[in-house]
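Understanding the architecture of this molecule
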Amino acid sequence: MTNADLSVDSPNLLLSESARTPDQDENEPREECGVFGVWAPGEDVAKLTYYGLYALQHRGQEAAGIAVADGQQVLVFKDLGLVSQVFDEQTLAAMPGHVAVGHCRYSTTGSTTWENAQPIFRTTAVGTGLALGHNGNLVNTAELAARARELGLISNRLPNGAIAATSDSDVMTALLAHAATDKSIEQAAMELLPSLRGAFCLTFMDEHTLYAARDPHGVRPLCLGRLDRGWVVASETAALDIVGASFVREIEPGELLAIDADGVRSLRFANPEPKGCVFEYVYLARPDSTISGRSVHATRVDIGRRLALEHPVDADLVIPVPESGTPAAVGYAQGSGVPYGQGLMKNAYVGRTFIQPSQTIRQLGIRLKLNPLREVIRGKRLIVVDDSIVRGNTQRALIRMLREAGALEIHVRIASPPVKWPCFYGIDFASRAELVANGAGPDGAEDSFDDMVENVRRSIGADSLGYISREGMIAATEQPASRLCSACFDGNYPIPLPTEAAIGKNVLEGILSGKSESELLSDNANASALSRP
């Protein structure tokens, strides 16, 4: 194997040649992670996990990894890149076993380095292996890191001098492996999980057993599926479909599942207080997934219909910003009676890549991804439907491009309310100061809603701008508002946040490097949701 990391039951996995950073689109909300797990004796669990991760690729494109076990040892293979870039037939063939967990990553705590790719691997004091994948983001990482550091479980350097992992996932894996020294992993998990605060959907395993856990608020989705000869857990139901598993149920908030030869065991480590992320319905989840019994695609189409009722406009054509704006655009056309059309073509092969484009190519910006169909939009009054506006850079460039292509009017309709607050539960939004709809006027005072919308409209250059109301968006999900988290729209965080010094994407790196609280505050100044821009 190459140094892309096949390791057998070792706490010190081989390092990749360089800490490469993918080219990321800074103008969009960036996903969190996808997790997958399978227990299926007699099946090719590595290949099943590969297909499951392929179905979850939209949730994270920075790194991918799979861990497998055959009852004797745990093997982990991971690297930076897309699932199809990290794995090939030869690699998967070298990973036999009956249990596996997989992960595709977008970083929300810890930098984009090989060390932070998942599954995270640790060896317990009794010599058993533990591999863990995490979707979400903890808000008490600093507190957990302090505990792990006191126990000598984490540091900024490994014994061989290599850089250590700096993610909340690594901290929890270290604490779980330590707690399993004098008890089973199942018992250790029941002891550790109640101390984790934030969003976490976990798949983890030892040599014999697959485990899955979901935080008490159920912020991120996690479901259980049945195979002919085993069981599957996955972030989204679409991944069950891909591997031929039948949907059984969602894993409940505050629930730990253990799956082995004795079947499926369910344990409760906390009382459920559901607060599912409403943005999963708007943007994050695949449209062919189902969350809490509601089709994501149907939700997005319904949002479009409601958007048409809330913000009608006289126009000639409804076009989506592909692909995430498409279902809502279909719904808007249905609700308004304005014809639906394809006015923008998307290059499906442009995404995050390790190949750094030249400055000339960078300046092309959105043109790398989207190109207008001039004969469709020339001379038309357009309604352009998108899923959200974050910084506004994408919409600004898109509107300029459509005007150059001959559009007479451009009316932007957004299938979510204004994004005014960052997320600390697993979505890497911009800092509040960078959010174009943050609501603060030039003097720092809070604008009225109408003034804020007008400021955004002028900023992006649209003829009109309309957002779906929070009430309309939530009604489309068919979930009670009390069971949903909409903090990025209203600033009401259901899981209390720590002090500014103890939160942020790179907080653990700062702690491990010995930075003071004032230095951590300085690092987080541009990423704080607790201060006005």
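What counts as what
- All chains use their own residue numbering, which begins from 1 and follows the written sequence.
- A pLDDT threshold of at least 70 governs which residues receive local features in this predicted model, and a stricter bar of 80 or more applies before side-chain atom pairs are shown or counted, although totals over entire chains, interfaces and linings include all residues.
- Think of the side-chain values as coming from all heavy atoms in the structure, minus any hydrogens and water.
- Every case where a carboxyl oxygen of Asp or Glu lies within 4 Å of a side-chain nitrogen of Lys or Arg is listed as a salt bridge.
- Strands here mean DSSP runs of E at least two residues long; helices mean DSSP runs of H or I at least four residues long; both are numbered from the N terminus.
- In this scheme, a residue with accessible area under 20% of its type's maximum is buried, one over 50% is exposed, and one in between is partly exposed, where area comes from a 1.4 Å probe on protein chains only.
- Directions are taken from the helix axis to each C-beta atom, and the arc is the one they span.
- Pairing between two strands requires that DSSP report at least two bridges joining them.
- Axis definition: a line fitted to C-alpha atoms, over the contacting stretch in the case of helices. Angles run 0 to 180 degrees between N-to-C directions.
- Orientation categories follow fixed angle ranges, with anything under 35 degrees roughly parallel, anything over 145 roughly antiparallel, 65 to 115 roughly perpendicular, and all other angles oblique.
- Handedness of a crossing follows from how the near helix is turned relative to the far one, being left-handed for an anticlockwise turn of less than a right angle and right-handed for a clockwise one.
- Here, two residues are considered to be in contact whenever any of their heavy atoms come within 4.5 Å of each other.
- UniProt positions are given in the numbering used here, feature names are shortened, and annotations may be inferred rather than shown by experiment.
- Counted as a polar contact is a pair of N or O atoms within 3.5 Å, where, for protein atoms, one must be capable of donating a hydrogen and the other of accepting one, and residues adjacent in sequence contribute only when both atoms are in side chains.

**Things to note about the pattern of salt bridges**
Proximity of charged atoms lets side chains of opposite charge pair with each other. Counted according to the given criterion, the structure contains 27 salt bridges. Salt-bridge contacts for Lys 47 lead to Glu 89; the nearest nitrogen and oxygen are separated by 3.0 Å. Taken together, the residues span a long stretch of sequence, with Lys 47 in helix 1 (residues 45–55) and Glu 89 in helix 3 (residues 89–93) at a distance of 42 residues. In this structure, Arg 294 engages Glu 478 in a salt bridge whose closest nitrogen and oxygen atoms are separated by 3.5 Å. With Arg 294 in strand 17 (residues 294–295) and Glu 478 in the loop between helix 15 (470–477) and strand 24 (484–485), this residue pair connects regions lying 184 residues apart in the sequence. According to the relative accessible area criterion, Arg 294 is buried, its value standing at 11%. Here the salt bridges share partners, and the residues they tie into one network are Arg 294, Asp 302, Arg 305, Arg 306 and Glu 478.

**Quick look at helix 6 (residues 185–192)**
For helix 6, the full list of buried residues reads Ile 185, Glu 186, Ala 188, Ala 189 and Leu 192. For helix 6, the angular spread of the buried residues around the axis is 160°, confining them to a single face.

**Observations concerning the pairing of strand 13 (residues 255–260)**
Among the six residues of strand 13, six are classified as buried, and the element is accordingly described as predominantly covered. The alternating pattern of strand 13 places Glu 255, Leu 257 and Ile 259 and Leu 256, Ala 258 and Asp 260 on opposite faces, both of which are buried. Pairing analysis gives four bridges linking strand 9 (residues 210–214) to strand 13, with the strands arranged antiparallel. Each residue of the ladder has a partner; that of Tyr 211, found in strand 13, is Ala 258. Pairing analysis gives six bridges linking strand 13 to strand 14 (residues 263–268), with the strands arranged antiparallel. For Glu 255, the partnering residue across the bridge sits in strand 14 and is Arg 268. Hairpin connection of strand 13 to strand 14: two residues between the antiparallel strands.

**Observations concerning the packing of helix 4 (residues 141–150) against helix 5 (residues 168–179)**
Here helix 4 crosses helix 5 at 40°, and the two axes come no closer than 10 Å. Between helix 4 and helix 5, the angle is such that the two are oblique. Of the two elements, helix 4 crosses helix 5, and the hand of that crossing is left-handed. On helix 5, the residues that touch Thr 141, Leu 144, Ala 145, Arg 147 and Ala 148 of helix 4 are Asp 168, Val 171 and Leu 175.

**Overview of the UniProt feature "binding site: Mg(2+)" (unreviewed entry) in the protein**
The sites that UniProt annotates as "binding site: Mg(2+)" (unreviewed entry) are Ser 324, Asp 386 and Asp 387. These annotated residues cover 64 residues of sequence, and their C-alpha atoms all fall within 7.1 Å of one another, placing them together at a single site. On the secondary structure map, Asp 386 appears in strand 21 (residues 381–386). Taking relative accessible area as the criterion, Asp 386 reaches 6% and is therefore assigned buried. Sequence-distant contacts of Asp 386, that is, excluding residues within four places in its chain, are made with Val 321, Ser 324, Gly 325, Gln 395, Arg 413, Ile 414 and Ala 415. In this structure the side chain of Asp 386 is engaged in a polar contact, spanning 2.9 Å, whose partner is the side chain of Gln 395. In this fold, Asp 387 is placed in the loop between strand 21 and helix 13 (393–404). In contact with Asp 387, other than residues within four places in its own chain, are Val 282, Tyr 283, Ser 324, Gly 325, Ile 414, Ala 415 and Ser 416. Within the local environment of Asp 387, its side chain forms a polar contact with the side chain of Ser 324, the two groups lying 2.5 Å apart.

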